[in-house]
Amino acid sequence: MQLVLADIGLNLAHDSFDRDRDRVMADAWNAGVRFAVITGSTLASSRAAVELVRTRPQFLRATAGVHPHHAREFHDSDIPALAELVALPEVGAVGECGLDYFRNFSPHADQERAFHSQLELAVGSGKPVFLHQRDAHHAFMGVLREYRPKLAGGVAHCFTGDAAELDDYLELDLYIGITGWICDERRGLHLRELVRRVPADRLLLETDAPYLLPRDLTPKPRNRRNEPRFLPHVLAAVAAARGESPAAVATVTTQNALRLFGFPQGASDG
């Protein structure tokens, strides 16, 4: 029996999928990836994500938000448009939002302003947050702790941090999203230890496609593009690190995803 999986971080609106998006999703389905959350990182990509959800509303959800890389382009006058997107039933979470002091594509002040605005929208909508943090943990936690009591929940998307960061996130009762970073013997070995500490009811799987192609995937696609059909590879790495069966990890992570992102009740039976 094929395992049923949920990919909670899929940049399906990315232009690298423009020529073969239907094929990509068909291949994902055939690999057991029956549910996916399509990431919004700008107003435009969030709108595109919503349109993609409408093609298969039983199996897809979107996030609506502004990535910290694009915070300098997000102004107070844009908040009503984002609020309209967040309110849509196709949208399961607010974000991708947070802080990124590694790339610094937007000034810190702009990132923090956009982060606050999106957390306010999440509180008002009663929807969880889809969170991004890189090299900004102290500032990120300072903001998040202020809002967490009022938030419906959230996920630390693409977690790559250390034990202290994981402990902080779990203290806030966040879900933890694990990508193919765990398959990278250069940068991700520590995750194989840390993933054991994630409670089963807080664990989620994601590809972050088209990014983060698992380094140990063989054979690799010629275009080096990650796709949701490779999520079973991430599942296998996580299950091995936790000393659990792939079936057990698939079941609990899919249940977690359906619960957090507001998929229809009974969707996994469809």
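Everything numeric in this text was worked out from a predicted model, so none of it was measured.

Peer 1: Summarise the packing of helix α3 (residues 79-86) against helix α4 (residues 108-125); cite the residues concerned and give the values.
Peer 2: Here α3 crosses α4 at 40°, and the two axes come no closer than 11 Å. In terms of orientation, α3 lies oblique with respect to α4. For the crossing formed where α3 meets α4, the hand is right-handed. On α4, the residues touching Ile-79, Leu-82, Ala-83 and Val-86 of α3 are Ser-117, Gln-118, Leu-121 and Ser-125. Residues belonging to the contact of α3 with α4 are distributed by class as follows: five nonpolar, three polar and no charged.

Peer 1: Describe in detail the pairing of strand β5 (residues 129-134), supporting the description with residues and values.
Peer 2: Counted residue by residue, β5 has five buried out of six residues, so it is predominantly covered. Where strand β4 (residues 91-100) and β5 come together, five bridges link them in parallel fashion. Within the sheet, the bridge partner assigned to Leu-99 lies in β5 and is Gln-133. Remark: the β4/α4/β5 crossover connection has right-handed handedness. Where β5 lies against strand β6 (residues 154-156), three bridges are found, and the strand directions are parallel. In the strand pairing of β6, Leu-131 is matched with Ala-156.

Peer 1: Summarise the sheet that holds β6; cite the residues concerned and give the values.
Peer 2: Taking strand neighbours across the sheet as the criterion, the eight strands line up as β1-β2-β3-β4-β5-β6-β7-β8 in an open arrangement whose pairing is parallel. Looking at the sheet topology across the chains shown, the edges are occupied by β1 (5-10) and β8 (203-205). Along the sheet, successive strands turn relative to each other by an average axial angle of 30°, direction set aside. Taken together, the three bridges between strand β2 (residues 33-38) and strand β3 (residues 60-64) define a ladder with parallel strand orientation.

Peer 1: So what about the environment of Thr-55? Which residues, and what values?
Peer 2: Within the secondary structure, Thr-55 is located in the loop between α2 (43-53) and β3. Of the residues examined, Thr-55 reaches a relative accessible area of 56% and is grouped as exposed. For Thr-55, the side chain forms a polar contact with the main-chain oxygen of Leu-52, separated by 2.5 Å.

Peer 1: Can you explain the packing of aromatic side chains? Please cite residues and give values.
Peer 2: The final tally for this structure, using the stated rule, is six aromatic pairs. Ring centres 5.1 Å apart and planes at 85° place the aromatic pair Trp-29 and Phe-59 in the edge-to-face group. On the criterion of sequence distance, the pair formed by Trp-29 in helix α1 (residues 21-30) and Phe-59 in the loop between α2 and β3 is long-range, its members being 30 residues apart. On the accessibility criterion, Phe-59 (17% relative accessible area) is buried. Measuring from ring centre to ring centre gives 5.8 Å for Phe-35 and Phe-59, while their planes differ by 40°; the resulting arrangement is tilted. In this pair, Phe-35 sits in strand β2 while Phe-59 sits in the loop between α2 and β3, placing the two residues 24 residues apart along the sequence. What makes Phe-35 buried here is its relative accessible area of 2%. Counting every residue linked through ring pairs, the aromatic cluster contains Trp-29, Phe-35, Phe-59 and Phe-263. Over the ring of Phe-263 we find Arg-61, and its NZ or CZ is 5.3 Å from the ring centre. The cationic tip of Arg-134 hangs over the ring face of Phe-102; the distance from NZ or CZ to the ring centre is 3.7 Å.

Peer 1: For the side chain of Thr-254, give the residues involved together with the corresponding values.
Peer 2: As for its position among the elements, Thr-254 is in helix α9 (residues 246-260). Given the relative accessible area of 5%, Thr-254 is considered buried. Of note is the side chain of Thr-254, whose polar atom sits 2.8 Å from the backbone oxygen of Val-4. A distance of 2.9 Å separates a polar atom in the side chain of Thr-254 from the backbone oxygen of Ala-250. Apart from the residues lying within four places of it in its own chain, the contact partners of Thr-254 are Val-4, Leu-5, Ala-6 and Phe-35.

How each quantity is defined
Residues numbered from 1 in each chain as written. Predicted model: local features only at pLDDT ≥ 70, side-chain atom pairs only at ≥ 80, totals over all residues. Heavy atoms only, no water. Axes fitted to C-alpha atoms, helices over the stretch in contact; angles between N-to-C directions. Helix = DSSP H or I, 4+ residues; strand = E, 2+ residues; numbered from the N terminus. Parallel < 35°, antiparallel > 145°, perpendicular 65-115°, else oblique. Left-handed = near helix turned anticlockwise from the far one by under 90°. Contact = heavy atoms within 4.5 Å. Nonpolar A, V, L, I, M, F, W, Y, C, P; charged D, E, K, R; others polar. Buried < 20%, exposed > 50% of the residue type's maximum accessible area, 1.4 Å probe, protein only. Pairing = 2+ DSSP bridges. Right-handed = clockwise from strand over helix to strand, strands pointing away. Polar contact = N/O pair within 3.5 Å; in protein donor to acceptor, adjacent residues only side chain to side chain. Phe/Tyr/Trp six-rings, centres within 6.5 Å; stacked < 30°, edge-to-face > 60°. Lys NZ or Arg CZ within 6 Å of the ring centre and 35° of its normal.

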